[in-house]
Amino acid sequence: MYTRNGESDIIMHEKIRSNFKFLRSLKARIFIIVFLVGIIPGIVLRYGILENYEDRAISLRTSDMQNQLNIIANHLITYNYLADTSSEVISAELEQLSNLYDGRVMVINSSLKVVKDTYGTSEGKTVITEAVIKCMKEAAGGSSYDNEYGYIEITTPIIETAAAEPAAGGGSPADKEKRQDVVKGVMLTSVSTDSINTTLDILSRRALLLEIMMLIAIFAIALVLSNVLMKPFERVAKAISEVKEGYKDEPISVPDYLETEHIVDAFNQLQNRMKVLDASRQEFVANVSHELKTPITSVKVLADSLLAQEDAPAELYKEFMVDIAEEIEREDKIINDLLSMVKMDRTVATMNISVVDINALTEIILRRLRPIARKRDIEVVFESRRTVTAEADEVKLTLVITNLVENAIKYNREQGWVKVVLDADHQFFTLDIMDSGIGIPQDALEHIYERFYRVDKSHSREIGGTGLGLAITRNAILMHRGSIKVSSVEGEGTTFTVKIPLNYVAT
Ligand code: ADP
């Protein structure tokens, strides 16, 4: 049950992921961003400008009307229109106003009776609305906009300004200036806002048209831009995928953006490193094949020459068999060295660390090698300045010391000497392996750690060298995070100095 749910959850998740996969594309993101940024002005235009226009047009119309109505209200007083509505002038003024603004004007007296209605339907009726009463009481005009039915209602007080009663005792000139306002009536006007709405409609339609055109243009721009901006990245991907077919001689170059340049630079560096690795791998394979072939060829030559002789004497057989055995031994040594090297090439995981008594280990190795040295009358001396124990891989360390001392013996002269000096400080121990041998030419020093490198090929072969010893040695030392140095004077001798930390540090 649980698994089922879990599975269907995963499937759902995968579905959602694949549905929105396009969102992970930079091209799609650029498109969406450009598109969104592009449509903002359209939204601002619609909601910012059009909505504002309506408010402004209404308030402008209202204040316009209020001004005109105030003037007419004054005329009403002058012509005493509230008492006598026969004035042609005023009637004409009122008609004109209502025609001009497509509205209706009602003149209401102080007892809330309609004395004049430009529609002519409500004369003589009483109007009791909140706005009229308020206007009457406060002697101040007001306005309201009915959005639903599309009209503005304006109340304008009809005010008679009479001079105040003079105060007893003459009064000051200021008192004489004092006037008293008496509200004689109210003008109730309603004007249609149809014309404003029509304008708004036209503007809105135009805006919509513009918006649609803008939308199409923005869509096209976003599409082109997202494609154009992404082109260099596509070129990078293409150039890199072309390398799959085989390394390029020229470094690839996409200098359009700093970013693509960085990617391509990093890739070129990687390619160069791969080329070096590939070359060294090819060289190594060629060397290995050559080295393995040499003893086999010798064996074949020896065997063939024996077979060619009809009745070769037994001594000749024996002599040739000794040579054949030597060649087989040599092949065996090369294969063993290769195996140790391959093992060494694997990572630190193969390190088998234990606390090793370095003095004892060196003693054992030297004891094993002394018989070989003695054959050529070479003296092997061990000088220990301290007792040293260190965390190390004993097998690998044995290989290091054996190889170096073996070389010191192999490349020595008759009656020469080999001296091994062991010393330590609080962090490292050092082993100096010195000899009185043939030395190494200066220009060869930098190559001696290379696989299959031998200063004098034929001499080294004669004394059983494979050219792998120092490569293995150096690798083993590096795996202990140590170092190896060499100094040599041709014809006088060589000193190898190995320095290894007392405490092994992984990583
Ligand atoms: P090999 O199996 O040929 O000894 P190595 O990798 O151990 O290979 O050494 C590489 C080459 O370095 C040797 O062929 C030799 O020419 C030179 N070499 C190494 N150690 C010494 C030494 N102590 N004195 C002189 N030459 C040396």
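Residues numbered from 1 in each chain as written. Predicted model: local features only at pLDDT ≥ 70, side-chain atom pairs only at ≥ 80, totals over all residues. Heavy atoms only, no water.

Caption draft 1: Quick look at the overall build of the protein chain. Helix and strand content of the protein chain: 13 helices and twelve strands. Rg of the C-alpha trace for the protein chain: 55 Å, well past the compact-globule value of 23 Å for 507 residues, more than 25% over. Along the first, second and third principal axes, the C-alpha atoms of the protein chain reach 165 × 70 × 60 Å. Looking at the protein chain as a whole, 35% of its 507 residues are labelled buried. Put simply, 68% of the contacts in the protein chain that link residues at least 6 apart link residues at least 24 apart. Of the roughly 31,600 Å² of accessible surface on the protein chain, a fraction of 57% belongs to carbon and sulfur atoms. Positive and negative side-chain charges of the protein chain, numbering 57 and 73 respectively, have mean locations separated by a distance of 2 Å. (Helix = DSSP H or I, 4+ residues; strand = E, 2+ residues; numbered from the N terminus. Rg over C-alpha atoms; globule rule 2.2 N^0.38 Å. Buried < 20%, exposed > 50% of the residue type's maximum accessible area, 1.4 Å probe, protein only. Contact = heavy atoms within 4.5 Å. Areas by Shrake-Rupley, 256 points an atom, 1.4 Å probe, with all protein chains shown as cover. Lys, Arg positive; Asp, Glu negative; His and termini not counted. Charge placed at Lys NZ, Arg CZ, Asp CG, Glu CD.)

Caption draft 2: Spatial organisation of the environment of Gln96. Position of Gln96 among the secondary structure elements: in helix α3 (residues 88-100). Between the alpha carbons of Gln96 and Val380 there is a distance of 134 Å; along the sequence they are 284 residues apart.

Caption draft 3: Fine view of the packing of helix α9 (residues 358-375) against helix α10 (residues 394-410). It is at 10 Å that the axes of α9 and α10 come closest, and there the two elements cross at 40 degrees. Between α9 and α10 lies a crossing of right-handed hand. Only Glu394, Leu397, Thr398, Ile401, Thr402, Val405, Glu406 and Ile409 of α10 make contact with α9, whose side of the interface consists of Ile358, Leu361, Thr362, Ile365, Leu366, Arg368, Leu369 and Ala373. The residue makeup of the contact of α9 with α10, split by class, is ten nonpolar, three polar and three charged. (Axes fitted to C-alpha atoms, helices over the stretch in contact; angles between N-to-C directions. Left-handed = near helix turned anticlockwise from the far one by under 90°. Nonpolar A, V, L, I, M, F, W, Y, C, P; charged D, E, K, R; others polar.)

Caption draft 4: How the structure looks around the pairing of strand β2 (residues 114-117). As paired strands, strand β1 (residues 103-109) and β2 are joined by three bridges and run antiparallel to one another. In the sheet register, Met106 faces β2, and the bridge partner there is Asp117. Where β1 hands over to β2, the hairpin turn is made up of four residues, of which Leu112 adopts a positive phi near 60 degrees. (Pairing = 2+ DSSP bridges.)

Caption draft 5: A look at the site of the ligand. With respect to spatial proximity, 20 residues lie near the ligand, and among them Asn407, Tyr411, Ser460, Thr466 and Leu470 are the closest. Leu470 is positioned such that a nitrogen or oxygen atom in its backbone is 2.8 Å from an oxygen atom of the ligand. Taken by itself the ligand offers 530 Å² of open surface, and the protein chains cover 97% of this. Where the shell around the ligand is concerned, the elements lending two or more residues are α10, α13 (469-479) and β12 (493-501). With three residues, the single largest contributor to the shell around the ligand is α10. Partitioned by chemical class, the residues of the shell around the ligand number nine nonpolar, eight polar and three charged. (Near = heavy atom within 4 Å. Polar contact = N/O pair within 3.5 Å; in protein donor to acceptor, adjacent residues only side chain to side chain.)

Caption draft 6: Spatial organisation of a negative patch on the surface. Negative charge collects at one region of the surface, where Glu283, Asp443, Glu446, Glu450 and Glu490 lie side by side. Considering the arrangement of structural elements, one finds Glu490 in the loop between β11 (483-489) and β12. (Patch = residues over 30% accessible without salt bridge, like charges linked within 9 Å, V, L, I, M, F, W, Y side chains within 5 Å. Salt bridge = Lys/Arg side-chain N within 4 Å of Asp/Glu carboxyl O.)

Caption draft 7: Focus on unusual backbone geometry. In this structure, Leu112 is a non-glycine residue whose phi angle is positive, near 60 degrees. Note on Leu112: relative accessible area 16%, which makes it buried.

Caption draft 8: Layout of the side chain of Thr402. By secondary structure assignment, the location of Thr402 is in helix α10. In this structure, Thr402 is in contact with Ile365, Arg368 and Leu369, ignoring residues within four places of it in sequence.

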